[in-house]
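# Commentary on secondary and tertiary structure
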Amino acid sequence: MKLPVYQWQSLGERAQNKLLQRPAIQSSAQLKDDVRAIINDVQRRGDKAVKKYTQRFDNATIEALKVEEIEFANAELSLGFNEREAILQAIDNIRCFHEAQRNVDIDIDIETVSGMRCQRLTRPIRAVGLYVPSGSAPLPSAAMMLAIPASIAGCPTRVLCTPPNADGTVDPGILFAAHEAGVRDVYKIGGAQAIAAMAYGTESIPKVDKLFGPGNAFVTEAKSQVASDPLGAAQDMPAGPSEVLVIADGSANPNYVAADLLSQAEHGPDSQVLLLTDSAELIEHVSLAIERQLESLDRAEIITESLSHSALIEVDSIESAIAISNRYAPEHLIVNTKKPRRWLDRITAAGSVFLGPLTPESLGDYCSGTNHVLPTYGYARNYSGLGLEQFCLQMSVQEASPQGLANTGPVAEVLATLEGLDAHALAVRLRLDDNDVD
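We now turn to the structure provided with this report. (Residues numbered from 1 in each chain as written. Predicted model: local features only at pLDDT ≥ 70, side-chain atom pairs only at ≥ 80, totals over all residues. Heavy atoms only, no water.)

## What about the overall build of the protein chain?
- Helix and strand counts for the protein chain come out as 16 helices and 14 strands.
- Principal axes of the C-alpha set define a box for the protein chain whose edges measure 85 × 60 × 45 Å.
- By the burial criterion, 48% of the 438 residues in the protein chain qualify as buried.
- Expressed as a percentage of contacts within the protein chain between residues at least 6 apart in sequence, the contacts between residues at least 24 apart total 76%. (Helix = DSSP H or I, 4+ residues; strand = E, 2+ residues; numbered from the N terminus. Buried < 20%, exposed > 50% of the residue type's maximum accessible area, 1.4 Å probe, protein only. Contact = heavy atoms within 4.5 Å.)

Structure representation (structure tokens):
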């Protein structure tokens, strides 16, 4: 399959905007109604509803929803030595990167004026729910990316849900990764029913305060609905299909570029991949390499559908490519150019950046150490990728001494009066009078 080729400068503004459009996210009225019905049923009937939907959607009959210790042990035994070692090495790298985030001093303790002490303190979120997809492509890597920062942050309750196989078992890689990353409370449920169960709690599953992790359209819609309910649970970030944008110059190896585009396209039929380059020759070679590599890939059908809304784009300079990328705000940005780090300061909107010819996006997906839970669909303009801070809360503290009250009280009284809130002003005036402060 040949990807369409465009020359950016020859396109009008409308055509440029259309070229950077993502595939539409499935969010029909029917989907919303179906998800709402599942959530309401789980709220009303708890475990019984969860088991019903697990039978319907996963074709699995589950008696005990929680994974037992023997299942963790069996999962470990079922993996080969190299598989276990790869998971453990990835965990070490991810833990190293996220442990370093604990050393960033985000707490504050200052006097804004004499006698007025103000602080910002960090606390872990009490209970978090981690969702790990399974099915055609089980994701042990997602278990690591969610469980490790939750564990390092010190969240007391860490609940992980993942869909079961038809025989009622869970993917062994997911179980081993979750266990080694510090999660023991794993439940064999998926889809909207898992999100509802974690958001509201059931007889078996604890209620959580915030939900994390990727999923299909049902999971995404369920996270959105429970996040809008004060009785539900917050969500990590809005989600859409996965994507990569590659910026490359004439020095790039076309085989590398083609492989980077194909690796992201295989995530799903609604994924999108884009190449921006100032080299027409590279476009030609990448196009041929894509055709050649695609022939040997297992998920060629999915990739082909993904490539139908992807593009190879010729630009007049790498500067233009950076500007277009910032406008697009990709989940993954690969900069495969000479001296790629020179462009880093100009990049303002990307979930995760991969510099140089030897840094495929696959490393970030699995084991470089950075987190692969990232904003998609242009949300990199206003959301960050997952890190330790998303598993924590910051609260402010203030404490006034008599001198602090003297320095701030009159200001507060004047402003409260200006806003017509005389009870606010009274709360200050009483203290000023009782402490003989003016």
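From this point, the narrative continues.
## Considering a nonpolar patch on the surface
- Residues Val411, Leu415 and Leu418 make up a contiguous nonpolar surface patch of roughly 320 Å² in combined accessible area.
- Position of Val411 relative to the elements: it lies in helix H15 (residues 402–418). (Patch = residues over 30% accessible without salt bridge, like charges linked within 9 Å, V, L, I, M, F, W, Y side chains within 5 Å. Areas by Shrake-Rupley, 256 points an atom, 1.4 Å probe, with all protein chains shown as cover. Salt bridge = Lys/Arg side-chain N within 4 Å of Asp/Glu carboxyl O.)

## Description of the pairing of strand E12 (residues 332–336)
- The element E12 is largely enclosed, with a buried count of 5 among its 5 residues.
- Residues of E12 alternate between two faces, with His332, Ile334 and Asn336 on one and Leu333 and Val335 on the opposite face, all of them buried.
- Where strand E9 (residues 243–248) meets E12, 5 bridges bridge the pair, whose relative direction is parallel. Among the inter-strand pairings, Val246 is bridged to a residue of E12, identified as Ile334.
- Two elements, E12 and strand E13 (residues 352–355), share 4 bridges in a ladder whose sense is parallel. Bridge assignment links Leu333 to a residue of E13, and that residue is Val353. (Pairing = 2+ DSSP bridges.)

## A word on the sheet that holds strand E1 (residues 5–7)
- Spatially, E1-E11-E10-E9-E12-E13 is the arrangement adopted by the 6 strands of the open sheet, whose pairing is parallel. Of all strands in the sheet, those bounded by a partner on one side alone are E1 and E13. Averaged over all pairs of adjacent strands, the angle between strand axes in this sheet comes to 20°, irrespective of strand direction.
- Contacting E1, E9, strand E10 (272–277) and strand E11 (311–314), helix H11 (residues 280–294) crosses the sheet at an angle of about 165° to E11.
- Sitting on the sheet, helix H13 (residues 318–328) touches E9, E10 and E12, and the angle it makes with E9 is about 165°. (Axes fitted to C-alpha atoms, helices over the stretch in contact; angles between N-to-C directions.)

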